[in-house]
Amino acid sequence: WESSSNFVWYSFNVMLYGPEEPVVRLTLYFGIAIGSVVSFLPFLIFKIPMLGRALIRIPPTGYDQAGNLRPTLTSHQKLTKARKEKEAGKYAGKRHMGAFFHRASAVSPLRQV
């Protein structure tokens, strides 16, 4: 703004001298910097730990071994799964009907593409 007093004359100076003028370069630099910071601020709210989860109520998800998107297990579900896998491991070498049915239900049908 040192070279011109208002926006019209400033725009005229930009068109006349181009980006070689130091004032124009400074204005462009700070305009881009301030625009970047201002555009980032609304998303900063979601990085606050409790506030982000309260605003967006989406359950956490992950991928299973087949590559399908599934909701992640809670701590109680993880414990239950670990207990079932431990019990299934006890009967792995024995002929036990429960282990047989457990293995049979774990097999998934082929995916058709």
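Computed from a predicted structure; not experimentally measured. (Residues numbered from 1 in each chain as written. Predicted model: local features only at pLDDT ≥ 70, side-chain atom pairs only at ≥ 80, totals over all residues. Heavy atoms only, no water.)

Enquirer: Talk me through the packing of aromatic side chains; I want residue IDs and the actual numbers.
Expert: Aromatic rings in a pair are described by how distant their centres are and how their planes are angled relative to each other. One pass over the structure, following the stated rule, counts one aromatic pair. Considering the side-chain rings of tyrosine 29 and phenylalanine 30, the 5.2 Å spacing of their centres and the 75° angle between planes classify their relative orientation as edge-to-face. (Phe/Tyr/Trp six-rings, centres within 6.5 Å; stacked < 30°, edge-to-face > 60°.)

Enquirer: Give a description of the environment of arginine 25 that names residues and reports values.
Expert: In this fold, arginine 25 is placed in helix H2 (residues 22–44). Taking relative accessible area as the criterion, arginine 25 reaches 54% and is therefore assigned exposed. Distance in space between the C-alpha atoms of arginine 25 and valine 14 is 9.6 Å, their sequence separation being eleven residues. (Helix = DSSP H or I, 4+ residues; strand = E, 2+ residues; numbered from the N terminus. Buried < 20%, exposed > 50% of the residue type's maximum accessible area, 1.4 Å probe, protein only.)

Enquirer: Any chance you could break down a nonpolar patch on the surface for me, citing the residues and the numbers?
Expert: On the surface, a nonpolar cluster with roughly 1,100 Å² of combined accessible area is contributed by Val37, Phe40, Leu41, Phe43, Leu44, Ile45, Phe46, Ile48, Leu51, Leu55, Ile56 and Ile58. Counting only elements with at least two residues in the nonpolar patch, the list comes to H2 and helix H3 (49–55). Among the elements that take part in the nonpolar patch, H2 stands out by supplying five residues, more than any other. With respect to the helices and strands, leucine 55 occurs in helix H3. (Patch = residues over 30% accessible without salt bridge, like charges linked within 9 Å, V, L, I, M, F, W, Y side chains within 5 Å. Areas by Shrake-Rupley, 256 points an atom, 1.4 Å probe, with all protein chains shown as cover. Salt bridge = Lys/Arg side-chain N within 4 Å of Asp/Glu carboxyl O.)

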